[in-house]
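Listed here are the chains, written in short residue letters.
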Amino acid sequence: MIKGYQYFSAFLDLRAQKSLVADLREIIVAAPLYTPTMPVSGRPFSVKMTNAGSLGWVSDKSGYRYQPLHPVSGRPWPAIPSDLMDIWREVSQCQMDPQACLINYYGNGAKMGSHVDKDEETFEAPVVSISLGDDAVFHVGGLKRADAKTRIVLKSGDVVVLGGLARLAYHGIDRIKAGTSDLLQEGGRFNLTLRRVTRS
Ligand code: MD6
Ligand code: FE
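Residues numbered from 1 in each chain as written. Chains lettered and ligands numbered in written order. Predicted model: local features only at pLDDT ≥ 70, side-chain atom pairs only at ≥ 80, totals over all residues. Heavy atoms only, no water.

> What is the right way to look at the sheet that holds strand E9 (residues 150–154) in this model?
The strands making up a sheet associate through hydrogen bonds between their backbones, and the pairing can be parallel or antiparallel. Spatial ordering of the open sheet is given by E6-E11-E8-E9, a layout of four strands whose pairing is antiparallel. Looking at the sheet topology across the chains shown, the edges are occupied by strand E6 (112–115) and E9. Recorded for the sheet is a direction-independent mean angle of 20° between the axes of neighbouring strands. Where strand E8 (residues 135–140) meets strand E11 (residues 171–177), six bridges bridge the pair, whose relative direction is antiparallel. Directly across from Ala136, in E11, lies its bridge partner Ile176. (Pairing = 2+ DSSP bridges. Helix = DSSP H or I, 4+ residues; strand = E, 2+ residues; numbered from the N terminus. Axes fitted to C-alpha atoms, helices over the stretch in contact; angles between N-to-C directions.)

Here it is in structure tokens:
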């Protein structure tokens, strides 16, 4: 496995997971999930997205970027909840606070193609990922798309950190195993990724 990849199995107990879901419900009222589109082609993503934090990651025909406003409502993203800030402080080994929390919702058949998170100004800080809801088949490879991949099943409450060399590793979600968790009444899976976007 590439250096800088860390996997914390069952990092969050059920109570912590439920508390995060309650946070998510509030965020989604203020900043509704929407369907982003691919650069150039304008094809829709299979995941729905929203964000919390001073900056949010968005994608549309003009490209990938971070911006302070929700692309549909035009309103600022809600603040990152304090329990997420606490998780970042526990696992990131980063002095600075995260600026963005990208929220991905995977419903029926949604997946995430292999990608590198590289739209940030700096890669010094890791990306911290939290899984809630149904199991997901996650893959992590190397710095090149063709590098060998390791697959792991991410369960509700698991936390993954991509730091160091792994910060720029290819990774993605092959599929969601529907019905494997009853944390979310609607089923499916939320993935939260905490990021630092700018230098200091
Ligand atoms: C997901 N995760 O778990 C997608 N990115 O649904 C990511 O794209 C990801 O897990 C950066 C760091 C960790 C991740
Ligand atoms: Fe990613």
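> Which parts of the structure should I look at to understand the sheet that holds strand E12 (residues 189–195)?
One open sheet accounts for six strands, arranged E1-E10-E7-E12-E5-E2; its pairing is antiparallel. On the outer flanks of this sheet lie strand E1 (5–8) and strand E2 (48–53), each paired with one strand and no other. Taken pair by pair, the neighbouring strands of this sheet meet at an average axis angle of 20°, ignoring direction. Alignment of strand E7 (residues 127–133) against strand E10 (residues 159–162), held across four bridges, turns out to be antiparallel. By the bridge assignment, Val128 is partnered in E10 with Val161.

Remember, this is a structural readout, not a statement about activity or role.
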